[in-house]
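Structural overview
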Amino acid sequence: MLVGRKYRLAFTPGQVEMAEEFGNICRAVWNTGLEQRREYRRRGAWVGYVQQAREVAEAKVEHSWLKAAPAHIPRHLSIERLGRKRARVRLPKFGWVTFRWSRSLGGAVKSATVTRDGKHWYVSFLVEDGVKAPAVSLERGRRGVDRGVVTLAATSDGRTSMRRAPVRLWTAMPSWSSKTSTPRP
């Protein structure tokens, strides 16, 4: 099964500057592509991944600043333990970056993603942990239930329930909320 592991990075000041530049480039490409898709939709047309990827490649020829960000996922990530609480990973264009080892990876690393949350940078590894995902069998009467807005509930075998929430629940809410210590909005 694929699981995610997230660790806080300890970038050097130069790496922070580089990460911010890469983030700005990726954000510009993403927003441009999203706006392009919206414009196509408004006109009743459709644009796909292949066409947009070709246009990004053409844009890299015209605009050299687009070439700065990493464009590929490395086949093999080098990760080394530096101690009990520290490790480092070799990321494309960044070089070696240390991070806080807060838990073991628990399997083979498939990919890595660098993100920013507030003032901190993180690396998330997609890890194949070797555990089989539990199989769900509908033969023994197990069903999944999806709660919705239009239809109250739909089961995985296709049946739906159009019943509304019990009226007594809605009528009991004002009396219940007046007994709580938090003020009503």
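Throughout what follows, the structure given in this document is the object of discussion. Bear in mind that the values here come from a model prediction, so they are computed numbers and not experimental data.

Describing the overall build of the protein
Looking only at helices and strands, one finds three helices and nine strands in the protein. For the protein, the proportion of contacts with a sequence separation of at least 24, taken over those separated by at least 6, is 44%. Counting every atom, the protein has about 14400 Å² of accessible surface; 55% of that belongs to carbon and sulfur.

Side note on the nonpolar core
Among the nonpolar cores identified, the biggest contains 23 residues, and Leu9, Phe11, Phe94, Phe99 and Phe125 are the most heavily contacted of them. Among the secondary structure elements, those contributing two or more residues to this core are β1 (2–10), α1 (13–42), β3 (86–91), β4 (95–100) and β6 (120–128). Looking at this core element by element, the count peaks at four residues for β6. What Phe99 contacts, discounting residues up to four positions off in sequence, is Tyr7, Arg8, Leu9, Ala10, Ile79, Lys85, Arg86, Ala87, Arg88, Val89 and Phe125.

What about the pattern of salt bridges?
Evaluation of the coordinates by the stated rule reveals four salt bridges. One salt bridge connects Glu20 with Arg116, and the closest N-O pair in it is separated by 3.2 Å. With Glu20 in helix α1 and Arg116 in strand β5 (residues 108–117), this pair connects stretches of sequence that are 96 residues apart. Given a relative accessible area of 32%, Glu20 falls into the partly exposed group. As a salt-bridge pair, Glu39 and Arg42 come within 3.7 Å of each other at their nearest N and O atoms. Of this pair, Glu39 and Arg42 both sit in helix α1, three residues apart, which is roughly one turn of the helix.

Some words on the pairing of β4
Two elements, β1 and β4, share two bridges in a ladder whose sense is antiparallel. Note that in β4 the partner of Leu9 across the bridge is Phe99. Two elements, β3 and β4, share six bridges in a ladder whose sense is antiparallel. Residue pairing in the sheet places Val89 in a bridge with Val97 of β4. Connecting the antiparallel pair β3 and β4 is a turn made up of three residues, with Lys93 showing a positive phi of about 70 degrees.

Details of the layout of surface pockets
Taken as a whole, the largest pocket spans an internal volume of roughly 1500 Å³. Around the largest pocket, the lining comprises 43 residues; the ones closest to its centre are Ile25, Cys26, Val29, Ala69 and Pro70. Secondary structure elements with two or more residues in the lining of the largest pocket: α1, α2 (49–62) and β5. It is α1 that provides the largest number of residues to the lining of the largest pocket, a total of 16 residues. Grouping the amino acids of the lining of the largest pocket by side-chain chemistry returns 26 nonpolar, 11 polar and six charged.

Some points on the pairing of β6
Bridging between β1 and β6 involves seven bridges; their strand directions are antiparallel. From the neighbouring strand, Lys6 faces β6, where its bridge partner is Ser124. The pairing of β5 with β6 spans nine bridges and is classified as antiparallel. Pairing of Asp117 across the sheet is with His120, part of β6. Hairpin connection between β5 and β6: a loop of two residues separates the two successive antiparallel strands, and Gly118 in this loop has a positive phi of roughly 70 degrees.

Reading the values: rules and limits
Just so you know, the residues in each chain are numbered from 1, in the order the chain's sequence is written. Local features in a predicted model are, by the rule used here, given only for residues with pLDDT of at least 70; side-chain atom pairs are given and counted only at 80 or more, and totals for whole chains, interfaces and linings are based on all residues. With hydrogens and water excluded, all non-hydrogen atoms of the structure serve as input to the side-chain values. Secondary structure elements follow DSSP: runs of H or I of four or more residues count as helices, runs of E of two or more count as strands, with numbering from the N terminus. The criterion used for residue contact is that any of the two residues' heavy atoms lie within 4.5 Å. To measure how exposed things are, a 1.4 Å probe is used in the Shrake-Rupley method; for residues, cover is taken only from the protein chains shown. Nine residue types can take part in a nonpolar core, namely buried Ala, Val, Leu, Ile, Met, Phe, Trp, Tyr and Cys, and a core is a set of them joined through side-chain atoms within 4.5 Å. The rule is simple: take the accessible area with a 1.4 Å probe, protein chains only, and divide by the maximum for that residue type; under 20% is buried, over 50% is exposed, in between is partly exposed. One speaks of a salt bridge when a side-chain nitrogen belonging to Lys or Arg is within 4 Å of a carboxyl oxygen belonging to Asp or Glu. Here the rule is simple: two strands pair whenever DSSP picks up at least two bridges between them. Of the grid points, spaced at 1 Å and generated over the protein atoms alone, those admitting a 1.4 Å probe that cannot get out make up cavities, while open sets with protein on both sides within 12 Å along at least five of seven lines make up pockets; any residue with an atom within 4 Å of a point is treated as lining. Grid points are joined across faces, edges and corners, and a volume is the space filled by probe spheres set on the points. Think of it as three bins: nonpolar holds Ala, Val, Leu, Ile, Met, Phe, Trp, Tyr, Cys and Pro, charged holds Asp, Glu, Lys and Arg, and polar takes everything else, Gly as well.

Treat this as a map of the structure, not an account of what it does.
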